[in-house]
Every structure is written in C-alpha cells, then in structure tokens.
Amino acid sequence: MSERTRGKRVREASRRHFLQTSAALASGSALAGLAGTNALAEPNNNLPPNVPEWMKAPGDPMGSQPYGAPSVHERGVVKNISKTLQQYISASGRTPLQELDGIITPNGLFYERHHGGVPTIDPAEHRLMLHGMVDRPLLFTMEDIRRFPSQSRIHFIECSGNPVYTKPYGKTASDLVGLVSCAEWTGVPLKTVLDEAGLRAGAKWIVAEGADAAALTRSIPIEKCLDDAMLVYSQNGERLRPQQGYPLRLLLPGFEGNMNVKWLRRLKVVAEPAYSREETSKYTDPLPDGTAREFSFYMEAKSIITRPSGGQRLTTKGFCEISGLAWSGHGTIKRVEVSVDGGNSWRDAELQEPVLTRALTRFRYPWHWDGTQAVIQSRAIDETGYVQPTLAELVAVRGLNSFYHNNAIWPWRIDASGEVSNAQA
Ligand SMILES: Nc1nc2c(c(=O)[nH]1)N[C@H]1C(S)=C(S)[C@@H](COP(=O)(O)O)O[C@H]1N2
Ligand SMILES: [Mo]
C-alpha cells in the first residue's frame, strides 16, 4: 500500500470512527431523538433514497436576481435592531456575530451606527475639501480620489459603546458585542493625499467632518493620519454601502468607530483638536479620581465566543467545537485562551490564518461537552502583551461611571439541557 493510499484509509477509518462515536453519543444521551429527526418517523420524499423535488425541474432562470441575495432559508440572519430603543435618527444595528463564519462581515450585515440618519449622496455632487495648515488647499471629486494609487486592507471597525457598562447586557453575542464588523477596504492612504496638499510646520491634528445631518466631527492626531489611515470608497470589493459612508469614508484602523468619519466631506489641518461634541460630551469617560479619559482612540484587545453562545442550544453531548472572534486596535492577536471550567484553567485556542493586524481573528478550540453545566469564556492577548481583563478588573480601574471601551471577558453558561445563556447578565 502506498503512503498516500494508507493515509487515505486512515483518514476514512477515523472519519467512520468519529461518525460512529457521535451517533453512539447521540443515542446514549437524553437528546437522542434529535439524531433521528431526519427520517423514519415522518416519511419525507426529499430524503434519500428518493430524488428530491428540486432535482425534478430546472431551477430559477438566470437574471431573476441581478444582484444576489442569500437563500430564502437564511432570511432570519439579519442585523439585530433593538426593539426597545427608538431607532429613528440616532440608530444602531448590530452584526449577528453568532450566525457568521470566518472573519469577513458580509456587507448587508455590517453593523451600522449613525447619529443623524443615513444621507443619500450623489457621488457626482460629493466633494472632499482639504484645507487649513497646508501649502495647497484642495477640493477633490470622487474621480480625483480614485485616480490616486489604491490599496486594499482588511480591518475591523468597532463602536466604543460595544457594550456599554450598564445592564441589562443582552442575551446573544450580537446583543453584547455586535457593534463590531470586519471588511476588506479599498481606497487611498490618507498620507498620499496629504502629500499632495503639503503639510505646513506645526500641523498636529486633522479635523474630519461628515456630510450627514449630524455633521459628525472628530479630531485625529497627525501621526495616525500619516500612518495607516485611509480614505476608502469600497468595502469587500463593491462600493461602500450608504450605511458605511458612501461614497467616501475615513478609515482609522484600530481607533474607536466614531472617529471613522462616514460620508467624509472635509479635512481641516490644524494645530489643536477641535474639542467637538463627539470628543467632549460624548466619547469621554469620567474616572474615579475626578479626571476624564478623553481622546481614548484605541480599541483594546477583546474576544468573544460566538459558538456556542447565548441563545443557542447544544443538542448532543460529545465533540463541540468552540469558535469565536478576537481583535485588537493595537495590532495582531498573539494568543487566545479558552476556559471551559468557569475561569479556573485556561488553554490556548488555535488561531485561524490569516492573523492580520487590526482585523478580526477567528479562533477555535476542540471541546467535549459532557452534558453537565459548564461556563465557557475566551481571553485575548495582543502583540503588545496586553491581556483582555475581566469586568471586575476593568471596573476596578475605570470606576462605575465609565460608558465606553468595555472590553471585558464575557462568559457563557451552558446548562445541563444544553441551553446557552449570558453568565454575567
Ligand atoms: N458622519 C458620520 N460618521 C460616523 C457616524 C455618524 O453618525 N456620522 N457614526 C460613527 C460611529 S459612532 C460609529 S461606531 C461608526 C459606525 O460605522 P458603521 O455604521 O459603518 O458600522 O461610524 C462613525 N462615523
Ligand atoms: Mo460608535
């Protein structure tokens, strides 16, 4: 037998073994009925050995859907929009993290957060103005912006109120931390555009303004503008969605969501920050010593188990892959540790390639659920060595009046029936 054939046989044998084991576990458990829901009890003409009905006639013709949509059987996978919060002008819709695989958020499910609704902007009438402490003030059309050498990069964006510190914390991974998403962004490095205008001596900040009714305005340190900041016009290969800032957005990898100004219309180079509403009355946290944590910029390392997670139910004892997401505004994720015993012991999870800087990173941990109550949680460690804190550790430093930047570890409880719920609600 060749090495190759032997390898194949071994794999087949172990696969058979795996299936037998799971079948045995299923039938041995209180949930045995579930393994049989497929057949026998109810005759179903679409199941083997029958030919299913969808094989008996040609499918839908090409052209019935010039812009594709998910299967009708996935219509429950939608943005999570709070039914208790008023969702009119200042609104947020969360990504259903627990329904997704991999690290890229499909454009239709990218979280959204706006302070003045979503403007409808005609790109032909949109301009970006670059002025202030520059040698040549410039006004760009979208065509001008697209003529610059382009770049595509994968980065997350996360709202700094994800979640806020106040209860109730919500039931699902999406309720808790659904204000984070990740996409491949295409645009031009901001540095390239600034070079075109020429920065004057003493330029320290750039004030960015959006073309929405909120005219959202934030001051960005010049170091970030000259580092990895981008002006982006595309998201996962297609033009930005209106909700994400069509036709032009500022992308500041790793910085809090609200600084990633959407519908970008103006960049003013200045010596001092603007102290705008969104960096004083909002997005600043009072600390226990009476000072304020302002210009907090970075989203610190964080992780969440998305499967199994709150609202889901384990149906079978035995092998259960734990999977989740980790990210850090400071760079790459170095390690994710998982605990399946209420935080007593921690083991390394496997990081799914690619592990990219300031991008969501998928982790996996093979687990065997024995059918008893368990508390599972994950903890992220980034390239700076920073370790994701517990909620108690965070509150000890930031006090109880903080609102933003809650990056606490979040545990899920699995009860003996398999029900998964928020263990820190
Ligand atoms: N012009 C403008 N930019 C904006 C906002 C806004 O309301 N107006 N919301 C900010 C906030 S609070 C966040 S968290 C992110 C949300 O980006 P998204 O809607 O693409 O997920 O955009 C930021 N940029
Ligand atoms: Mo936000």
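Source: prediction; values computed, not measured. (Residues numbered from 1 in each chain as written. Chains lettered and ligands numbered in written order. Predicted model: local features only at pLDDT ≥ 70, side-chain atom pairs only at ≥ 80, totals over all residues. Heavy atoms only, no water.)

Q: I'd like a description of the site of ligand 1, backed by residues and values.
A: Residues in close proximity to ligand 1 total 20 residues, the closest being Tyr-111, His-115, Asp-212, Arg-249 and Lys-262. A distance of 2.6 Å separates a nitrogen atom of ligand 1 from a polar side-chain atom of Asp-212. Protein chains bury 100% of the 530 Å² of accessible surface belonging to ligand 1 in isolation. Of the pockets mapped on this structure, ligand 1 occupies the largest cavity. It is strand E3 (residues 112-114) that provides the largest number of residues to the shell around ligand 1, a total of three residues. In terms of residue class, the shell around ligand 1 is made up of seven nonpolar, eight polar and five charged. (Near = heavy atom within 4 Å. Polar contact = N/O pair within 3.5 Å; in protein donor to acceptor, adjacent residues only side chain to side chain. Areas by Shrake-Rupley, 256 points an atom, 1.4 Å probe, with all protein chains shown as cover. 1 Å grid on protein atoms, 1.4 Å probe; cavity = no way out; pocket = protein on both sides within 12 Å on 5 of 7 lines; lining within 4 Å. Sits in = over half its atoms within 2 Å of the grid points. Helix = DSSP H or I, 4+ residues; strand = E, 2+ residues; numbered from the N terminus. Nonpolar A, V, L, I, M, F, W, Y, C, P; charged D, E, K, R; others polar.)

Q: Hey, could you go over the layout of surface pockets for me, with residue numbers and the actual values?
A: Here the second largest pocket is characterised by a volume of approximately 230 Å³. Contributing to the lining of the second largest pocket are Pro-70, Ser-71, Glu-74, Arg-75, Val-77, Val-78, Lys-79, Glu-99, Pro-106, Gly-108 and Leu-109. A class-by-class count of the residues in the lining of the second largest pocket yields five nonpolar, two polar and four charged. (Points joined across faces, edges and corners; volume = space filled by probe spheres on them.)

Q: Could you give an account of the side chain of Glu-337, with specific residues and numbers?
A: Tracing the backbone through its elements, the reader meets Glu-337 in strand E18 (residues 333-339). A distance of 2.3 Å separates polar atoms of two side chains, one belonging to Glu-337 and the other to Arg-335. A distance of 2.8 Å separates a polar atom in the side chain of Glu-337 from a polar atom in the side chain of Arg-379. Sequence-distant contacts of Glu-337, that is, excluding residues within four places in its chain, are made with Trp-346, Arg-347, Asp-348, Ala-349, Gln-377, Ser-378, Arg-379 and Ile-381. (Contact = heavy atoms within 4.5 Å.)

Q: Go over the nonpolar core with me, naming the residues and quoting the values.
A: Within the largest apolar cluster, 41 residues are counted, with the highest numbers of intra-cluster contacts made by Ile-304, Leu-360, Phe-363, Trp-367 and Trp-412. The residue makeup of this core includes at least three contributed by each of domain 1 (91-290) and domain 2 (302-422). Ala-203, Ile-206, Ala-208 and Leu-264 belong to the second-largest nonpolar core, a separate cluster that totals 36 residues. (Core = buried A, V, L, I, M, F, W, Y, C linked by side-chain atoms within 4.5 Å. Buried < 20%, exposed > 50% of the residue type's maximum accessible area, 1.4 Å probe, protein only. Domains from an automatic or database assignment.)

Q: How would you sum up empty space enclosed by the protein? Please name residues and give values.
A: Following the criterion strictly, the structure yields three cavities of 30 Å³ or more and no others. The volume enclosed by the largest cavity comes to roughly 210 Å³. Lining the largest cavity are 21 residues, and of these Arg-113, Arg-249, Gly-257, Asn-258 and Lys-262 sit closest to its centre. Here the lining of the largest cavity gets three residues from one element, more than from any other, and that element is E3.

Q: An account of unusual backbone geometry is requested, with residue identities and associated values reported.
A: The omega torsion across Lys-167 and Pro-168 is 0°, close enough to zero to call that bond cis. Assignment of secondary structure puts Pro-168 in the loop between strand E6 (151-158) and helix H3 (173-177). The backbone of Trp-263 sits at a positive phi, close to 50°, despite the residue not being glycine. For Trp-263, the position within the fold is in the loop between strand E12 (249-251) and strand E13 (264-270).

Q: Break down the environment of Pro-253 for me, citing the residues and quoting the values.
A: Secondary-structure assignment places Pro-253 in the loop between E12 and E13. Classification of Pro-253 as buried rests on a relative accessible area of 0%. In this structure the C-alpha to C-alpha distance between Pro-253 and Met-230, which are 23 residues apart in sequence, comes to 8.5 Å. When near neighbours in sequence (up to four residues on either side) are disregarded, Pro-253 contacts His-155, Lys-224, Asp-228, Ala-229 and Arg-358.

Q: Which residues make up the pairing of strand E10 (residues 230-235), and what values go with them?
A: Regular strands show a simple pattern: their side chains alternate between the two faces of the sheet. Here E10 lies mainly inside the structure; six of its six residues are buried. Relative to E10, strand E7 (residues 180-189) is paired through five bridges, and the arrangement is antiparallel. Residue Trp-185 lies in a different strand from E10, and its bridge partner there is Gln-235. In this structure, E10 lies alongside strand E11 (residues 238-239), joined through two bridges in antiparallel fashion. Bridged to Ser-234 within E11 is Arg-239. Where E10 folds back on E11, the antiparallel hairpin that results is connected by two residues, among which Asn-236 adopts a positive phi of roughly 50°. (Pairing = 2+ DSSP bridges.)

Q: Run through the pattern of salt bridges, naming residues and quoting values.
A: Evaluation of the coordinates by the stated rule reveals 20 salt bridges. Several salt bridges converge on common partners, so that one network encompasses Arg-335, Glu-337, Asp-348 and Arg-379. (Salt bridge = Lys/Arg side-chain N within 4 Å of Asp/Glu carboxyl O.)

Q: Give a description of the side chain of Glu-279 that names residues and reports values.
A: For Glu-279, the location among the structural elements is in the loop between E13 and strand E14 (285-286). At a separation of 2.6 Å, a polar atom in the side chain of Glu-279 contacts the side chain of Ser-219. In this view, Glu-279 contacts Arg-218, Ser-219, Pro-273, Ala-274, Thr-284 and Phe-295; residues no more than four positions away in its chain are not counted.

Q: I'd like a description of the sheet that holds strand E8 (residues 205-210), backed by residues and values.
A: The mixed open sheet is built from five strands, whose spatial order is E5-E4-E13-E8-E9. Strands with a single pairing partner mark the edges of an open sheet, and in this sheet they are strand E5 (138-140) and strand E9 (217-221). Here the strands of the sheet are splayed against their neighbours by 20° on average, with no regard to which way each runs. In this structure, strand E4 (residues 128-132) lies alongside E5, joined through three bridges in antiparallel fashion. The residue bridging Leu-130 from the neighbouring strand is Leu-138, located in E5. (Axes fitted to C-alpha atoms, helices over the stretch in contact; angles between N-to-C directions.)

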